[in-house]
Amino acid sequence: MSWGTELWDQYDNLAIHTNKGIEFLDKYANFIRDRLAIETEYATKLRRLVKNYQPKKKEEEDNEFTSCQAFRKVLNEISDLAGQREVVAESLQLQIIQGISLLSKTLRDERKKCLSNGTYLHQNLTTQLAALDRAKRNYEKAYRDSEKAVDNYKKADMDLNLSRAEVERYKNIMTAKIQQSDDAKNEYANQLQKSNNLQQQHYHELLPEVFNRLQELDEKRTRGIREFIIGAADVESSVAPIIARCLEGMVKAGESINEKEDSYKVIERYQSGFTPPSDIPFEDLSKLDTLDSSQESHFNHVQSSHLTVKGTISANKIKKRVGIFNIFGGNKQQKIIEACITMKNSLTADGQKEDFSDLPPNQRRKKLQAKIGELQQKIQQETAARDGLMKMKVVYEANSSLGNPMTVEGQLNESEHKLEKLKMDLKKYQGYLEKANQIPMANNSPQANRTSSMNNGHRSSRHSNGSTEDNNYDGDFQPDDAGSLSRSDSEDNVAQIQNGHNNNNNGSSASPESGLGTSHTSLPGSGHGSAHENAMGEDAYYETEMEPLQPLGTCRALYPFEATSEGSIPMNEGEELQVIEIDQGDGWTRVRRMNNSNGWDEGFVPTSYIECTLYA
């Protein structure tokens, strides 16, 4: 079926229909544009969402958990999904929008031509019909005039009163009118034939051709919409496998979450290596009644004399440390300041110690291993840089036109120095790690240390130098708890010493090595250097009978150590010592050695200089 045959008389309706069809095509194009904008906006918002939820730098350590790793994989898949939506938008723009625009322009141009041709054909037919109508009217007039002329001739011919000339005149008029009528008839017949031929051609050939062309254009437009709809679906289908893989990746990311593994990693991160405290022994107060009175009198005696018990145990007697409040005179002041500065410089950027000895054993090992890995990577990079400089130097020496070998000499020396320093640091941290691996973890627990310090049900309180005093007072009176020594105070005093400020009246320092600080066995008024204590000479002694500390283990000196300040003792490499107080986080361990002349020597030595073996 064709429009030219079936719709030969629907020119105007076909013109309207084809125009509506092209407008519908443009409407579909606007729909695709709006969808394209939505796809683009969706992809942009997805990317912004992924960016907003990317792990922050401070959260990097949490990425080891499977849940965090799975979430990061999901973010990556969503980023890929956003990329596919961008591909859809781009394909819709290139394949659909541009195709529709081109087709719409073509259809409009061809429809315009067809309608122009149809209008021209209608004008020709209308002109021919008008000519036929004129010819018909002329023929009708000429025919009436000829009939009238014939009637006048007949009347004149029958009228005997008219002359022969008059009759001949009417005859000539009749003959002219008849001739005009015949000519008009012939013209009418000719115009009628032309009109019939043109009308036949117009409605059977010319106009159907125009209508058929419009039909082809409309079918082309309809076929284009079909192809564009299928093409849009194909664009979506082309990215569907990738989107499906993204979704599969999300599913796999979710399935990769292992709650048991995450729990184990939490243990790995926070495990200190310490063991829970052992059972607290029962204190039979009935057996300690005999000791209470003697110790109370001892405490009252100490309180009345306003002396602070600070010293080292020697032959079961407490020897007051020498020069506690006079160390800031002469060279001793300079040595203490240098020791404090050295202690401060040994801290890392995050406030931890260089060997991470202030961390629990497990965490210390992890930090050391990470530091060793970092140093090894830096050594590898620096080695590659040095090798490159050496090759460049060889090339310059072989061909001086390329460059001066001396220009890389300084860089090569600097690289060698950096490499040597990195190797020294690596060796140092490997030593730290080896020492950390040799220290038993369980006995480093402060709880275990606290438990082991209880002897025969006595409560023991450490002095600033590590000595103990048995306290048999009731639970209502515990003077030791309020003023217990915090070795971290020594680090706080470093800045005060460097800036020339001192909170103590006599300028004393809380350095663990020097044995200074607020002892938790200090009596009221004695912790800040009273005038009575200041007046004592360097050889003054305060002696009282005291039970010595029980050893916690043994240690072996890895390096020789020279005592440079009060409270520390020297040791030789390989020397065996007893450990009576473990490192409290300040880098110093209190040890004891047998002295043939004086009995026992006790004092502090650097923890990194010894290898400890603690009792189980």
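Everything quoted here is computed from the prediction, not taken from an experiment. (Residues numbered from 1 in each chain as written. Predicted model: local features only at pLDDT ≥ 70, side-chain atom pairs only at ≥ 80, totals over all residues. Heavy atoms only, no water.)

Some details on the overall build of the protein
Here's step 1: The helix and strand inventory of the protein stands at 13 helices and nine strands.
Here's step 2: In the protein, which comprises 616 residues, the share counted as buried stands at 38%.
Here's step 3: Here the contacts in the protein between residues at least 6 apart in sequence split such that 74% fall between residues at least 24 apart.
Here's step 4: Accessible area of the protein: about 35,900 Å², with a carbon and sulfur share of 51%. (Helix = DSSP H or I, 4+ residues; strand = E, 2+ residues; numbered from the N terminus. Buried < 20%, exposed > 50% of the residue type's maximum accessible area, 1.4 Å probe, protein only. Contact = heavy atoms within 4.5 Å. Areas by Shrake-Rupley, 256 points an atom, 1.4 Å probe, with all protein chains shown as cover.)

Observations regarding the packing of aromatic side chains
Here's step 1: With the rule as written, the count across this model stands at nine aromatic pairs.
Here's step 2: Where Trp8 meets Tyr203, the ring centres are 5.2 Å apart and the plane angle is 90 degrees; that geometry is what we call edge-to-face. With Trp8 in the loop between α1 (3–6) and α2 (11–52) and Tyr203 in helix α4 (residues 164–255), this pair connects stretches of sequence that are 195 residues apart.
Here's step 3: Relative accessible area serves as the criterion here: at 41%, Trp8 is assigned to the partly exposed category.
Here's step 4: Taken together through their ring pairs, the aromatic side chains of Tyr559, Phe561, Trp588 and Tyr609 make up a single cluster.
Here's step 5: Here Arg169 stacks its cationic end above the ring of Tyr170, 4.8 Å away from the centre of that ring. (Phe/Tyr/Trp six-rings, centres within 6.5 Å; stacked < 30°, edge-to-face > 60°. Lys NZ or Arg CZ within 6 Å of the ring centre and 35° of its normal.)

Concerning the confidence of the model for the protein
Here's step 1: Here the protein averages 74 in pLDDT, while 70% of its residues score no lower than 70.
Here's step 2: Here strand β3 (residues 459–462) stands out as the least confident element of the protein, with mean pLDDT 37; α2 is the most confident, with 93.
Here's step 3: When the criterion is pLDDT under 50, residues 297–330 qualifies, and its contacts beyond four places in sequence or with other chains add up to 106 contacts.
Here's step 4: Predicted confidence is poor over residues 441–545, with pLDDT under 50, and the contacts of this stretch with residues over four places away or in other chains come to 249 contacts. (pLDDT = per-residue confidence, 0-100.)

Remarks on the packing of helix α3 (residues 66–158) against α4
Here's step 1: It is at 6 Å that the axes of α3 and α4 come closest, and there the two elements cross at 170 degrees. Between α3 and α4, the crossing angle belongs to the class labelled roughly antiparallel. (Axes fitted to C-alpha atoms, helices over the stretch in contact; angles between N-to-C directions. Parallel < 35°, antiparallel > 145°, perpendicular 65-115°, else oblique.)

Some words on α4
In an α-helix, one full turn covers 3.6 residues, which means residues spaced three or four apart are oriented alike.
Here's step 1: Along its 92 residues, α4 runs 131 Å from first to last C-alpha, staying within 8% of the 136 Å computed at 1.5 Å per residue.
Here's step 2: Of all the bends in α4, the greatest measures close to 50 degrees and is centred on His202. (Expected span 1.5 Å × (residues − 1). Bend = angle between axes of the 7 residues up to and from the residue.)

A few points about a nonpolar patch on the surface
Here's step 1: Judged by side-chain polarity, Leu49, Tyr53 and Phe71 come together as a nonpolar surface patch covering roughly 310 Å² of accessible area.
Here's step 2: Structurally, the position occupied by Tyr53 is in the loop between α2 and α3. (Patch = residues over 30% accessible without salt bridge, like charges linked within 9 Å, V, L, I, M, F, W, Y side chains within 5 Å. Salt bridge = Lys/Arg side-chain N within 4 Å of Asp/Glu carboxyl O.)

Thoughts on the environment of Ser91
Here's step 1: Turning to its location among the elements, Ser91 is positioned in helix α3.
Here's step 2: The class of Ser91 is buried, set by a relative accessible area of 14%.
Here's step 3: Sequence separation of Ser91 and Glu236 is 145 residues, and the distance between their C-alpha atoms is 9.2 Å.
Here's step 4: Leaving out residues up to four positions away in the same chain, Ser91 has contacts with Ile96 and Val235.

A word on the side chain of Ser181
Here's step 1: Inspection of the secondary structure assignment puts Ser181 in helix α4.
Here's step 2: Judged by its relative accessible area of 5%, Ser181 is buried.
Here's step 3: Contacts of Ser181, omitting those with residues within four sequence positions, involve Tyr139, Ala142, Tyr143 and Ser146.

Notes on the pattern of salt bridges
Here's step 1: Applying the stated rule across the entire model yields 25 salt bridges.
Here's step 2: The partner of Glu41 in a salt bridge is Lys45, and the shortest N-O contact between them spans 3.1 Å. Of this pair, Glu41 and Lys45 both sit in helix α2, separated by four residues, roughly a single helical turn.
Here's step 3: You can call Glu41 partly exposed: its relative accessible area is 44%.
Here's step 4: Take Lys45: its relative accessible area is 47%, and that puts it in the partly exposed class.
Here's step 5: What you see here is one network of salt bridges that share partners, running through Arg35, Glu39, Arg85 and Glu236.

A word on the pairing of strand β5 (residues 553–557)
Here's step 1: Only one face of β5 is buried: it carries Gly553, Cys555 and Ala557, and the other face, with Thr554 and Arg556, is open.
Here's step 2: One ladder, built from five bridges, connects β5 with strand β9 (residues 610–614); its direction is antiparallel. For Ala557, the partnering residue across the bridge sits in β9 and is Ile610. (Pairing = 2+ DSSP bridges.)

A short note on the packing of α2 against α4
Here's step 1: It is the contact of α2 with α4, at a shortest axis distance of 10 Å, that shows an interaxial angle of 15 degrees. Taken together, the axes of α2 and α4 lie roughly parallel to each other. For the pair α2 and α4, the crossing hand works out as left-handed. On α4, the residues that touch Tyr11, Leu14, His17, Thr18, Gly21, Ile22, Phe24, Leu25, Tyr28, Arg35 and Glu39 of α2 are Leu207, Phe211, Leu214, Asp218, Arg221, Ile225, Phe228, Ile229, Ala232 and Glu236.
Here's step 2: A class-by-class count of the residues in the contact of α2 with α4 yields 13 nonpolar, three polar and five charged. (Left-handed = near helix turned anticlockwise from the far one by under 90°. Nonpolar A, V, L, I, M, F, W, Y, C, P; charged D, E, K, R; others polar.)

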